[in-house]
Amino acid sequence: MGYRKFKATELFDGYRLHQSGKVLITDTAGVVQDLAAAEDAGDDVEVFDGILTPGFINAHCHLELSHLKNVIPPHTGLIDFLCSVVKKREAPSQPPPKGEELETSEKIKQFAIANAEAEMYNNGIVAVGDIGNTADTALVKSNSKIRWQNFVEVLCFTDEKADDNFKRYQSVATELENSLLTSNTAHRTSLVPHAPYSISPKMFQLINDATAGRIISIHNQENPAENELYQTGGGDFLKFFNIFGMPVSPFPVTGKTSIRSYLPYFNQQQTILLVHNTYMPEEDIVWANTYAAANGLKLIYCLCINANLYIENKTPPVDLLLKHGCNVGLGTDSYSSNRQLSIAKELEALRGMAYFRSMPYLKVVEQLLQMATINGAKALQWDDVLGSFDKGKQPGVVLLNNDFSTSKRLL
């Protein structure tokens, strides 16, 4: 058996930061054999400047929207951003690279999807929780070395259309699964709700019944209007509904915030990724954690800070999430709302927040890198093979710059 040996300025093993002396030893396939002291590692050690870390987990992405890179301007606010996605997602506007003949919109989409997947692979992302409304990503995923937790995202504004819409999205999930049967990379597929402002009560119930024990996701509290929608039936989301010919809100007025209105639909032991949480108040964090513990749910709070800054120029309450012991993972969101698909850039942005700037170096690095590795692996239930340098795992090996600005896959 052949071996590879890696040493860097610092080494993060998935849990702790080792600031000197540790050598990671893997076989040539990347299966971890040992974390050895430098004096015991022998010859042929590859030495790097930076932080060695397990491969990154991107817990939230929309790969199928990769053709919208640089199409929607930043800082529009969520409502205008959503309107732009609806209007522009079927009309790719990126020109093909010089020398390429991409004749159709579908070819432009596939080219963008392939480039985005390659970017994520090269910068060290080893697993992705990927949102899709279609099976457009199937071809690229079937040849990918990344693990894919596919979330087929359901939209349904009224109970009257719930059964038909559910069947339609089930067919997308089946198409995606069938396309990946010959893939050598691990993958799973679940139906998931898009957001509180796009799922009717009956559809929530159908999704709950279909996802017992599964991993699902939902966009949560990205804008104050989301709470207003459920509390009063009014607000800025009426502009979004007008695109679909609905002059008033189709959803019940509960008088409660959005998460208190929709989370009680779930009671089937699901793991639920709450994505964004940009405007989540402390009292809702406490309530959600209490409800989940009492009803057999596991909540993961997924942060996509660069997308939050791109859309709303607002950051989520990271300090409150950590204060209350929340399980926190990281995502990139899509090229429609981010300039790159890089967990390193998400880490860099988080590290620049005042909350983390005030913390000791060792604590902040360990806390952030746990979000990017073992926390994400647990969220996607691949922590048996990913997320840490435990012996026998095959987590990938990534070199992260000391300033968190860039990363690259080593193995």
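For clarity, every value in this text was computed on a predicted model and none was experimentally measured.

**Comments concerning the overall build of the protein chain**
Then step 1. Across its full length, the protein chain holds 15 helices and 15 strands.
Then step 2. Its C-alpha atoms give the protein chain a radius of gyration of 21 Å, near enough to 22 Å, the size a compact globule of 411 residues would have.
Then step 3. Its C-alpha atoms give the protein chain principal-axis dimensions of about 70 × 55 × 35 Å.
Then step 4. Summarising the internal contacts of the protein chain: among those between residues at least 6 apart in sequence, 73% fall at separations of at least 24.
Then step 5. Working note: accessible area of the protein chain is about 16,200 Å², and carbon and sulfur atoms make up 48% of it.
Then step 6. The distance from the centre of the 37 positive side-chain charges to the centre of the 46 negative ones in the protein chain is 1 Å.

**A few points about a nonpolar patch on the surface**
Then step 1. Judged by side-chain polarity, Val86, Ile243 and Phe244 come together as a nonpolar surface patch covering roughly 210 Å² of accessible area.
Then step 2. By the secondary structure assignment, Val86 is in helix 1 (residues 78-88).
Then step 3. Overall, Val86 belongs to the partly exposed group, its relative accessible area being 32%.

**Remarks on the sheet that holds strand 6 (residues 56-61)**
Then step 1. Strand order in the open sheet formed by four strands is 6-7-8-9, and the pairing between neighbours is parallel. Edge strands, defined here as strands with exactly one partner in the open sheet, are strand 6 and strand 9 (187-193). Neighbour-to-neighbour, the strand axes of this sheet turn through a mean angle of 15 degrees, independent of strand direction.
Then step 2. With respect to the sheet, helix 5 (residues 201-210) is in contact with strand 8 (147-154) and strand 9, its orientation differing from that of strand 9 by roughly 155 degrees.

**Some words on the sheet that holds strand 10 (residues 215-220)**
Backbone hydrogen bonds are what pair the strands of a sheet, in a parallel or an antiparallel way.
Then step 1. Read across the sheet, four strands follow the order 10-11-12-13 without closing on themselves; strand pairing throughout is parallel. The open sheet is flanked by strand 10 and strand 13 (328-330), the only strands paired with a single partner. When strand polarity is set aside, the average angle formed by the axes of neighbouring strands in this sheet is 30 degrees.
Then step 2. Both strand 12 (residues 298-303) and strand 13 contribute to a ladder of three bridges, which runs parallel. Residue pairing in the sheet places Tyr301 in a bridge with Val328 of strand 13.

**A short note on the environment of Leu17**
Then step 1. Mapped onto the fold, Leu17 is located in strand 2 (residues 17-18).
Then step 2. Using a relative accessible area of 5% as the deciding quantity, one classes Leu17 as buried.
Then step 3. Setting aside chain neighbours within four positions, we find Leu17 in contact with Glu10, Leu11, Phe12, Ile51, Tyr361, Leu362, Val365 and Glu366.

**Quick look at the state of the cysteines**
Then step 1. Under the criterion given, the structure shown has zero disulfides.
Then step 2. Not part of a disulfide, Cys156 finds its nearest cysteine sulfur in Cys83, a span of 19 Å.
Then step 3. The structure places no disulfide on Cys302, whose sulfur is separated from the nearest cysteine sulfur, that of Cys304, by 4.2 Å.

**Let's talk about the pattern of salt bridges**
Then step 1. Going through the model one piece at a time under the given rule, you end up with 10 salt bridges.
Then step 2. One salt bridge connects Asp284 with Arg260, and the closest N-O pair in it is separated by 2.7 Å. Here Arg260 lies in helix 8 (residues 258-262) and Asp284 lies in helix 9 (residues 282-294), a separation of 24 residues in the sequence.

**Topic: unusual backbone geometry**
Then step 1. The phi angle at Asp44 is positive, at roughly 60 degrees, despite the residue not being glycine.
Then step 2. Mapped onto the fold, Asp44 is located in the loop between strand 4 (32-37) and strand 5 (45-54).
Then step 3. Since its relative accessible area comes to 69%, Asp44 is described here as exposed.

**Considering the side chain of Asn223**
Then step 1. Along the chain, Asn223 turns up in the loop between strand 10 and helix 6 (224-232).
Then step 2. At 2.7 Å, the side chain of Asn223 forms a polar contact with the side chain of Glu312.
Then step 3. Apart from the residues lying within four places of it in its own chain, the contact partners of Asn223 are Leu78, Tyr279 and Glu312.

Thresholds, definitions, all that
Residues numbered from 1 in each chain as written. Predicted model: local features only at pLDDT ≥ 70, side-chain atom pairs only at ≥ 80, totals over all residues. Heavy atoms only, no water. Helix = DSSP H or I, 4+ residues; strand = E, 2+ residues; numbered from the N terminus. Rg over C-alpha atoms; globule rule 2.2 N^0.38 Å. Contact = heavy atoms within 4.5 Å. Areas by Shrake-Rupley, 256 points an atom, 1.4 Å probe, with all protein chains shown as cover. Lys, Arg positive; Asp, Glu negative; His and termini not counted. Charge placed at Lys NZ, Arg CZ, Asp CG, Glu CD. Patch = residues over 30% accessible without salt bridge, like charges linked within 9 Å, V, L, I, M, F, W, Y side chains within 5 Å. Salt bridge = Lys/Arg side-chain N within 4 Å of Asp/Glu carboxyl O. Buried < 20%, exposed > 50% of the residue type's maximum accessible area, 1.4 Å probe, protein only. Pairing = 2+ DSSP bridges. Axes fitted to C-alpha atoms, helices over the stretch in contact; angles between N-to-C directions. Disulfide = S-S within 2.5 Å. Polar contact = N/O pair within 3.5 Å; in protein donor to acceptor, adjacent residues only side chain to side chain.

These figures capture arrangement, not role.
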